[in-house]
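So the chains spell out like this:
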Amino acid sequence: MTSQSERTFSIIKPDATKRNLTGEINAIIESTGFRIVAQKRILISLDQARKFYEVHGSKPFYDDLCEFLSSAPVVVQVLEKENAIADYRKLMGATNPNAADEGTIRKRFGISVDQNSVHGSDSPETALAEIKFFFSDTEIVG
Ligand code: DAT
Ligand code: MG
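Residues numbered from 1 in each chain as written. Chains lettered and ligands numbered in written order. Predicted model: local features only at pLDDT ≥ 70, side-chain atom pairs only at ≥ 80, totals over all residues. Heavy atoms only, no water.

Draft legend 1. Seen up close, the overall build of the protein. Helices and strands together make up the secondary structure of the protein, namely seven helices and four strands. Scanning the protein from its N terminus toward the C terminus, one meets helices and strands in the order β-α-α-β-α-α-β-α-α-β-α. For the C-alpha atoms alone, the extent of the protein along its principal axes is close to 40 × 35 × 25 Å. Sorting the 142 residues of the protein into buried and exposed places 46% on the buried side. (Helix = DSSP H or I, 4+ residues; strand = E, 2+ residues; numbered from the N terminus. Buried < 20%, exposed > 50% of the residue type's maximum accessible area, 1.4 Å probe, protein only.)

Right, dumping it as structure tokens:
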């Protein structure tokens with residue numbers, strides 16, 4: 001990783017993997033300058049989902065959110081690029097696909113605010129913690 005590079009954590013969520021959109025989303029990610037430096041398709045357990053989304057524990061949508069994330073396979077990824085964290089948030093678009101800008105992943109593929117196709121870290125601290133939550137150092141080969 002060069003000194004200007006940054007890593008962020010991404011999830012291609014169940015609504016997208018179910019519709020066979022992994023390749024299309026990855027093509028967008030790669031064509032906008034991100035390197036997918038680690039990736040695996042996994043089934044997240046309900047317990048893991050509840051831990052991952054702990055920060056939303058008090059929200060009314062928390063239970064449904066965790067059930068959704070563990071309802072079908074997801075693809076977890078580490079993306080690398082200069083300014084990766086902010087740039088991936090921009091590429092994903094707003095949480096609610098209806099409010100997302102044209103050309104964003106969520107505008108293009110999102111179904112609803114809860115089934116919005118992708119997750120991306122929102123700060124350097126969460127990026128580090130989320131990458132560590134799903135990947136060991138030996139799984140990130142650059
Ligand atoms: P983001 O995924 O854009 O970082 P967030 O961290 O506020 O958004 O919320 C995490 C996820 O929770 C989001 O991707 C979808 C779900 N969610 C957020 N707000 C919601 C709402 N009002 N109703 C249902 N699900 C919601
Ligand atoms: Mg978030």
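We are not done yet, so read on.
Draft legend 2. Region of the structure containing the pattern of salt bridges. This model, assessed by the stated rule, comprises eight salt bridges. Salt-bridge contacts for Asp63 lead to Arg50; the nearest nitrogen and oxygen are separated by 3.0 Å. Linking Asp63 in helix α4 (residues 62-69) with Arg50 in helix α3 (residues 46-52), this pair joins segments that are 13 residues apart in sequence. Residue Asp63 is classed as partly exposed on the basis of its relative accessible area of 41%. (Salt bridge = Lys/Arg side-chain N within 4 Å of Asp/Glu carboxyl O.)

Draft legend 3. Local environment of unusual backbone geometry. Not every positive phi belongs to a glycine, and Asn20 is a case in point at roughly 65°. Inspection of the secondary structure puts Asn20 in the loop between α1 (14-18) and α2 (22-31). The phi angle at Asn83 is positive, at roughly 60°, despite the residue not being glycine. Looking at the element boundaries, Asn83 is found in the loop between β3 (74-82) and α5 (84-92).

Draft legend 4. Spatial organisation of the sheet that holds strand β2 (residues 35-42). Taking strand neighbours across the sheet as the criterion, the four strands line up as β2-β3-β1-β4 in an open arrangement whose pairing is antiparallel. The open sheet terminates on both sides in strands that have one partner only, identified here as β2 and β4 (118-120). On average, adjacent strands in this sheet sit at an angle of 20° to one another, irrespective of strand direction. Two elements, strand β1 (residues 5-12) and β4, share three bridges in a ladder whose sense is antiparallel. Each residue of the ladder has a partner; that of Ile12, found in β4, is Val118. (Pairing = 2+ DSSP bridges. Axes fitted to C-alpha atoms, helices over the stretch in contact; angles between N-to-C directions.)

Draft legend 5. Inspection of the site of ligand 1 at higher detail. Residues in close proximity to ligand 1 include Lys13, Tyr53, His56, Phe61, Leu65, Arg89, Thr95, Arg106, Val113, Asp114 and Asn116, which together make up its full environment. For ligand 1, an oxygen atom lies 2.9 Å from a polar atom in the side chain of Arg106. The separation between an oxygen atom of ligand 1 and a polar side-chain atom of Asn116 is 2.9 Å. Protein coverage of the free-state accessible area of ligand 1, which is 520 Å², stands at 74%. (Near = heavy atom within 4 Å. Polar contact = N/O pair within 3.5 Å; in protein donor to acceptor, adjacent residues only side chain to side chain. Areas by Shrake-Rupley, 256 points an atom, 1.4 Å probe, with all protein chains shown as cover.)

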